[in-house]
Amino acid sequence: MLDSKKAYNHFVLLVKERPPGDFALTLIDSLLHVLKETQETTRQGLLHEMKDNTNYLTENLINVEGLTRKSSLALHTLGRFFHHYITSKLSGLSDTSLEVIRSKLVARVEDLREFVMSSRGKVLSSALEFIKDGITIFVHGNSPLVEFLLVEAAVKHNKKFSVIVSEARPDCEGYALTKSLLAVGIAARLVVDAAVAYALEEADIVLVGAETVVETGGIINGIGTYTCALCAKMLKKPFYVVCESFKFARMYPLTQKDLPEIVKDRKTLPLFRSRETDDVTNLPVLSPLCDYTPPDLVTLLFTDMGIFTPVSYTHLRAHETGRNLVCRLLLEKKK
């Protein structure tokens, strides 16, 4: 009988052992663990085991301590890409022994792992020239990729700039990012969410991450991103998005109601107490985790594949040339 929980159990174990935030590599390593340790004796059995483990892992990510529902959305996209990635390889190995198939799949997944590891550096290379000396950058939330870019630009590339960070309520992610930037000598200030439009007048560019880039060319990201994009559009400020290519998803939302259920209204809301009320538990509240920012509000996408304008992403392909992984996006406008 297939054990569909092996990847999930290994993922939970690795999350406890590793520094927080490195979930993409942890997901790949968990599925790679299943592939290396499989006891399946048939090609079809191996395919089913990997499919069942991938599905169980991605469907139960919200139960992993330390992993937010926002992060699980991006990892769900990576899991689907992983499954497509290995099954496309299997289709060309029908006349090969199972042991050879398994070794080739392991090598293929290790190539994928290497690609994911190098993604941040490639995004930095794409975006670095747009981070110019003397500019003021507006950032919403606390994207690990945005933090990486800003710190690398300032510390390793000696860029001189200032940052305005929105607090990103109700989780107040901006507080942690502001502290991290100040710790490395970057001039950073926190702004309350109600003053986003006010603060954007001072900014030169807006820089945000993305939980997912969808087929329209728009993005799904932490709540408030759409508001920032609308303000940036009105004030004629460039709105830049940084994102790894494994976050491109086969989704086509048109409105906020089309978002996945996992990032819609949360059941509890971490509201702050105030002088007006000592009890906020019974108030009716609308509090989604993410919102959808349509492509007409996005100026450029900075990815590990290069710089793109928002277009319709028809599909994401990954294939090999010899031993070297070549991932490419087929960017086509829908007719």
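Residues numbered from 1 in each chain as written. Predicted model: local features only at pLDDT ≥ 70, side-chain atom pairs only at ≥ 80, totals over all residues. Heavy atoms only, no water.

1. A word on the overall build of the protein
Step number 1: A count of helices and strands for the protein gives nine helices and twelve strands.
Step number 2: When each of the 335 residues of the protein is scored for burial, the buried share is 51%.
Step number 3: Of the contacts made within the protein by residues no fewer than 6 positions apart, 74% connect residues no fewer than 24 positions apart.
Step number 4: With an accessible surface of roughly 16,600 Å², the protein has 53% of that area assigned to carbon and sulfur atoms. (Helix = DSSP H or I, 4+ residues; strand = E, 2+ residues; numbered from the N terminus. Buried < 20%, exposed > 50% of the residue type's maximum accessible area, 1.4 Å probe, protein only. Contact = heavy atoms within 4.5 Å. Areas by Shrake-Rupley, 256 points an atom, 1.4 Å probe, with all protein chains shown as cover.)

2. Quick notes on helix α1 (residues 6-17)
Step number 1: When the terminal C-alpha atoms of α1 are compared, their 17 Å separation across twelve residues agrees well with the 16 Å that a helix rising 1.5 Å per residue should span.
Step number 2: Listed as buried for α1 are Ala7, Tyr8, His10, Phe11, Leu14 and Val15. When α1 is viewed along its axis, its buried side chains cluster within an angular range of 165° and face the same direction. Away from its buried face by more than 90 degrees, α1 exposes Lys16 and Glu17. (Expected span 1.5 Å × (residues − 1). Arc of directions from axis to C-beta.)

3. Some points on the pattern of salt bridges
Step number 1: Under the definition given, this model contains ten salt bridges.
Step number 2: Note that Lys36 is salt-bridged to Glu110, the shortest N-O span being 3.5 Å. Here Glu110 lies in helix α5 (residues 98-127) and Lys36 lies in helix α2 (residues 23-37), a separation of 74 residues in the sequence.
Step number 3: Exposure remark for Lys36: the relative accessible area of 41% places this residue in the partly exposed category.
Step number 4: By relative accessible area, which is 36% here, Glu110 ends up partly exposed.
Step number 5: Where Glu99 meets Arg102, a salt bridge forms, and the shortest distance between an N and an O atom there is 3.0 Å. (Salt bridge = Lys/Arg side-chain N within 4 Å of Asp/Glu carboxyl O.)

4. Here's the deal with helix α6 (residues 144-155)
Step number 1: For α6, with twelve residues, the first-to-last C-alpha span of 16 Å sits near the 16 Å given by 1.5 Å per residue.
Step number 2: Within α6, the full set of buried residues consists of Leu145, Val146, Leu149, Leu150, Val151, Glu152, Ala153 and Ala154.

5. Brief notes about the packing of aromatic side chains
Step number 1: Counted according to the given criterion, the structure contains four aromatic pairs.
Step number 2: Centroid distance Phe130 to Tyr240: 5.5 Å. Interplanar angle 70°. Geometry classified as edge-to-face. Here the residue Phe130 occupies a position in the loop between α5 and β1 (136-140), and Tyr240 occupies one in strand β7 (residues 239-242), the gap between them amounting to 110 residues.
Step number 3: Arranged with centres 5.2 Å apart and planes meeting at 80°, the rings of Tyr240 and Phe302 form a pair that is edge-to-face. (Phe/Tyr/Trp six-rings, centres within 6.5 Å; stacked < 30°, edge-to-face > 60°.)

6. With respect to the sheet that holds strand β8 (residues 290-293)
Step number 1: In space, the three strands of this open sheet follow the order β5-β6-β8, with antiparallel pairing throughout. A single partner strand is all that each edge strand has here, and the edge strands are β5 (212-213) and β8.
Step number 2: Where strand β6 (residues 219-222) and β8 come together, four bridges link them in antiparallel fashion. Bridge pairing links Gly222 to Cys290 in β8.
Step number 3: Against the sheet, helix α9 (residues 225-234) makes contact with β6 and β8, and its axis sits at roughly 35° relative to β8, the strand it touches most. (Pairing = 2+ DSSP bridges. Axes fitted to C-alpha atoms, helices over the stretch in contact; angles between N-to-C directions.)

7. With respect to the nonpolar core
Step number 1: Ranked by internal contacts, the top residues of the largest apolar core, which has 32 residues, are Phe11, Leu35, Met50, Leu57, Leu75 and Leu78.
Step number 2: Secondary-structure elements contributing two or more residues to this core are α1, α2, α3 (43-59), α4 (69-90) and α5.
Step number 3: Considering each element in turn, this core owes the most residues, nine residues, to α2.
Step number 4: Setting aside chain neighbours within four positions, we find Leu75 in contact with Phe11, Phe23, Ala24, Leu27, Thr58, Leu61 and Leu67.
Step number 5: The next biggest cluster of nonpolar side chains, apart from the first, holds 28 residues, and it includes Ala127, Val139, Leu150 and Ile205. (Core = buried A, V, L, I, M, F, W, Y, C linked by side-chain atoms within 4.5 Å.)

8. Here's the deal with the packing of α5 against α6
Step number 1: Running from N to C, α5 and α6 cross one another at 60°; their axes reach a closest spacing of 10 Å. The angle between α5 and α6 falls in the class oblique. Seen from above, α5 lies across α6 with right-handed handedness. Between α5 and α6, the contacting residues are Arg120, Gly121, Val123, Leu124 and Ala127 on the first element and Pro144, Leu145, Phe148, Leu149 and Glu152 on the second.
Step number 2: Classifying every residue of the contact of α5 with α6 gives seven nonpolar, one polar and two charged. (Parallel < 35°, antiparallel > 145°, perpendicular 65-115°, else oblique. Left-handed = near helix turned anticlockwise from the far one by under 90°. Nonpolar A, V, L, I, M, F, W, Y, C, P; charged D, E, K, R; others polar.)

9. Some details on the sheet that holds strand β4 (residues 205-208)
Paired through their backbone hydrogen bonds, the strands of a sheet run either parallel or antiparallel.
Step number 1: If you walk across this open sheet you meet the seven strands as β3-β2-β1-β4-β7-β9-β10, and the pairing is mixed. The open sheet has two free edges, formed respectively by β3 (187-191) and β10 (306-308), since each of these has just one partner strand. Going across the sheet, the axis of each strand differs from the next one's by a mean of 25°, ignoring polarity.
Step number 2: Pairing geometry for β4 and β7, over three bridges, is parallel. Bridge pairing in β7 places Val208 opposite Val241.
Step number 3: The sheet strands contacting α5 are β7, β9 (300-303) and β10, and the helix crosses β9 at an angle near 140°.
Step number 4: Where α9 meets the sheet, it contacts β1, β4 and β7, and its direction lies at approximately 145° from that of β7.

Without other data, these values stay purely geometric and don't point to any function.
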